[in-house]
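Given next are the chains, with one letter for each unit.
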Amino acid sequence: MTTNISFLLNGDRISCEIKDHWTLLHLLREEMGLIGTKEGCGNGECGACTVIVDKLAVNSCLYLAIDVDGASIETIEGLASTNGTLHPLQQSFVDKGGIQCGFCSPGMIMSSKALLDENPRANHEQIKHALAGNICRCTGYVQILESVEAARDKGGQNE
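Let me begin by describing the structure that accompanies this report. Keep in mind the model is a prediction, meaning the values are calculated, not measured. Note on numbering: residues in each chain are counted from 1, in written sequence order. Only residues with pLDDT of 70 or above have their local features reported here, since the model is predicted, and side-chain atom pairs are shown and tallied only from 80 upward, although totals for entire chains, interfaces and linings are computed over all residues. Just so you know, side-chain values use all the structure's heavy atoms and leave hydrogens and water out.

Focus on the overall build of the chain
1) Next: Counting its regular elements, the chain contains five helices and five strands.
2) Next: Secondary structure elements of the chain, listed N to C terminal, follow the sequence β-β-α-β-β-β-α-α-α-α.
3) Next: Atoms considered for the radius of gyration are the C-alpha atoms alone. The globule rule reads 2.2 Å times the number of residues to the power 0.38. Here the chain has a C-alpha radius of gyration of 15 Å; the compact-globule value for 159 residues is 15 Å, and the two agree.
4) Next: Projected onto the principal axes, the alpha-carbon positions of the chain cover approximately 45 × 30 × 25 Å. Segments assigned H or I by DSSP are reported as helices when at least four residues long, segments assigned E as strands when at least two residues long, and all are numbered from the N terminus.

Describing the pairing of strand β2 (residues 12–19)
1) Next: Pairing analysis gives eight bridges linking strand β1 (residues 2–9) to β2, with the strands arranged antiparallel. Residue pairing across strands places Leu9 opposite Asp12, the latter belonging to β2.
2) Next: In this antiparallel pair of consecutive strands, β1 and β2, the connection spans two residues, and Asn10 shows a positive phi of 55°. When DSSP finds two or more bridges between a pair of strands, those strands are recorded as paired.

Structural notes on the pattern of salt bridges
1) Next: Any carboxyl oxygen of Asp or Glu within 4 Å of a side-chain nitrogen of Lys or Arg constitutes a salt bridge here. With the rule as written, the count across this model stands at four salt bridges.
2) Next: Through salt bridges with shared partners, a single ionic network connects Glu74, Lys113 and Asp117.

A few points about helix α3 (residues 105–118)
1) Next: Here the expected span of a helix is defined as 1.5 Å times the quantity of residues minus one. In this model α3 runs 20 Å from its N-terminal to its C-terminal C-alpha over 14 residues, within 8% of the 20 Å that 1.5 Å per residue would give.
2) Next: Each residue's exposure class comes from its accessible area (1.4 Å probe, protein chains only) as a fraction of the maximum for that residue type: buried when under 20%, exposed when over 50%, partly exposed otherwise. Burial runs high along α3: 12 of the 14 residues are buried.
3) Next: Taken residue by residue, α3 has Ser105, Pro106, Gly107, Met108, Ile109, Met110, Ser111, Ser112, Lys113, Ala114, Leu115 and Leu116 as its buried positions.
4) Next: Contacts: residue pairs with any heavy atoms within 4.5 Å of one another. Looking at the buried positions of α3, the neighbouring elements they touch are β3 (50–53), β4 (56–59), β5 (72–74), α2 (88–96), α4 (124–130) and α5 (142–154).

Some words on the pairing of β3
1) Next: Residues Thr50 and Ile52 line one face of β3 and the alternating positions Val51 and Val53 line the opposite face, and both faces are buried.
2) Next: Across four bridges, β3 lies against β4 in antiparallel orientation. Bridging across to β4, Val53 finds its partner in Leu56.
3) Next: Hairpin geometry of β3 and β4 is characterised by an intervening segment of two residues between the two adjacent antiparallel strands and by a positive phi of about 45° at Asp54.

Examining a nonpolar patch on the surface
1) Next: Taken together, the side chains of Leu86, Val94 and Ile99 present a nonpolar region at the surface, about 210 Å² in accessible area.
2) Next: Topologically, Leu86 is positioned in the loop between β5 and α2.
3) Next: With relative accessibility at 34%, the residue Leu86 sits in the partly exposed group. Here the term patch refers to residues with relative accessible area over 30% and no salt bridge, with like charges joined within 9 Å and nonpolar side chains (Val, Leu, Ile, Met, Phe, Trp, Tyr) within 5 Å. The Shrake-Rupley method, run with a 1.4 Å probe, gives the accessible areas here. Residue values count only the displayed protein chains as cover.

So, the sheet that holds β2
In sheet architecture, strand pairing relies on hydrogen bonds along the backbone and comes in two forms, parallel and antiparallel.
1) Next: Taken in spatial order, the five strands line up as β2-β1-β5-β3-β4 in an open sheet, and their pairing is mixed. The two strands at the open ends of the sheet, each matched to only one other strand, are β2 and β4. For this sheet, the mean angle separating the axes of adjacent strands, direction not counted, is 40°.
2) Next: Of the pairings in the sheet, the one linking β3 to β5 comprises two bridges and is antiparallel in character. By the bridge assignment for β5, Val53 is matched with Ile73.
3) Next: Note on geometry: axes are lines fitted to C-alpha atoms, helical ones only across the stretch in contact, with angles between N-to-C directions running from 0 to 180 degrees. In the packing of α3 onto the sheet, contacts are made with β3, β4 and β5, and the angle to β3 comes to roughly 30°.

Overview of unusual backbone geometry
Note: most peptide bonds trans; most residues except glycine with negative phi.
1) Next: The phi torsion at Asp54 lies on the positive side, around 45°, for a residue other than glycine.
2) Next: Relative to the elements of secondary structure, Asp54 occurs in the loop between β3 and β4.
3) Next: Even without a glycine there, the phi angle at Tyr141 is positive, about 75°.
4) Next: A relative accessible area of 31% means that Tyr141 is categorised as partly exposed.

Rendered as C-alpha cells:
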C-alpha cells in the first residue's frame with residue numbers, strides 16, 4: 001500500500017508517495033539520494049543513521065517514513081550553507097580530528113546538533129550522554145567530544 005506524505009526536508013517542502021513499510025532511512029537514501037545518512041546496523045544500535053525530526057535526534061533505520069508526514073527533518077546534507085561553508089559543528093569535527101573514516105560522522109554531528117540546539121551550554125557529561133547511542137570504531141571518542149565542545153564554545157551551533 002502507498003501513502004502520500006508531505007514534510008519539510010532541510011527547509012524545503014517535500015511531497016511524495018511512499019510505501020507504508022519504508023523506513024525514513026530508506027526514503028532518504030534510496031528514494032531521495034541523500035546518502036549522508038548511513039545504514040550501519042539497521043536495528044538502532046549504532047547511530048550512523050541519526051537525523052533530526054522535529055528537533056529530536058532519531059534513528060532513521062527504526063523510524064517509519066509515514067510518521068514524518070507534517071514533520072520537519074534535518075539531515076547532514078542540510079547543515080552546510082548554500083555556498084559550501086560548513087556548519088560550525090562540521091568544521092569543528094574537521095579541525096579537531098573528530099572525523100576519521102567518516103562513516104559515523106553524520107550521525108555524530110546530527111546527534112550533537114540536536115543536543116546543542118536544545119542545550120547550547122551542554123557540559124562534557126551531557127555531550128557524552130547525547131552521543132551514547134552513536135558508535136565509532138576509529139577515534140576512541142576523545143576527538144569527537146573535543147569537536148562538540150569546541151563548537152559549543154564558539155557558540156555557533158545554531159547557524
